[in-house]
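# Working through the structure, step by step
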Amino acid sequence: MSRPMLLGGLALAVLGLVVNGVLPGRVELPGGPPDEIGVIVEISSSQGLRVLVDGVGFGLTWVTLELKTQAILLVNGGLQSIQTRDLEVGQEIQLWYHGAVRKSCPAQVDARFILVSR
């Protein structure tokens, strides 16, 4: 294979990754408003990774972070993917739920998407 063809194929592969959101540079928020807005007040790894959120809708809620949970950081007006393990107490977040809120004290829910604004 010639060098120009190899470089052209590599460029197309990288372009495909960027367009599909695999590489930083193209991160999209889910449609619709967030299900909850609040502040992380505690992080626990005793039953999987969970964060306790003090939110405006449900008050204190344990939010389970699943493998499929996407976490995004708002940086200088842009969006950047982060690992859920990088979340910290005190961060202001917006949550999109995966499934219904389970009634307990505090409430419990699974996260589909987390946007960290500060």
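Look up a bit, the structure's there.
Residues numbered from 1 in each chain as written. Predicted model: local features only at pLDDT ≥ 70, side-chain atom pairs only at ≥ 80, totals over all residues. Heavy atoms only, no water.

Counting buried residues along strand E2 (residues 50–55), five of its six residues qualify, which places the element largely inside the surrounding structure. Here six bridges tie strand E1 (residues 36–44) to E2, and the two strands are oriented antiparallel to one another. Bridge pairing in E2 links Gly-38 to Gly-55. The antiparallel pairing of E1 with E2 creates a hairpin that spans five residues between the two strands, and Gly-48 there sits at a positive phi of about 80°. Bridge count for E2 against strand E3 (residues 59–75) is six bridges, and the pairing is antiparallel. For Val-53, the partnering residue across the bridge sits in E3 and is Thr-61. What sits between E2 and E3 in their antiparallel hairpin is a turn of three residues. (Buried < 20%, exposed > 50% of the residue type's maximum accessible area, 1.4 Å probe, protein only. Helix = DSSP H or I, 4+ residues; strand = E, 2+ residues; numbered from the N terminus. Pairing = 2+ DSSP bridges.)

So, about the packing of aromatic side chains. The final tally for this structure, using the stated rule, is two aromatic pairs. Each ring, one from Phe-58 and one from Tyr-97, has its centre 6.5 Å from the other, and the planes form 45°; the classification is tilted. Within this pair, whereas Phe-58 is found in the loop between E2 and E3, its partner Tyr-97 is found in strand E5 (residues 92–102), the two being separated by 39 residues in sequence. Here Tyr-97 falls in the buried class, since its relative accessible area comes to 11%. Considering the side-chain rings of Trp-96 and Phe-113, the 5.4 Å spacing of their centres and the 85° angle between planes classify their relative orientation as edge-to-face. Taken together, the residues Trp-96 in strand E5 and Phe-113 in strand E6 (residues 107–116) connect sequence positions 17 residues apart. Residue Trp-96 shares its accessibility class with Phe-113, and that shared class is buried. (Phe/Tyr/Trp six-rings, centres within 6.5 Å; stacked < 30°, edge-to-face > 60°.)

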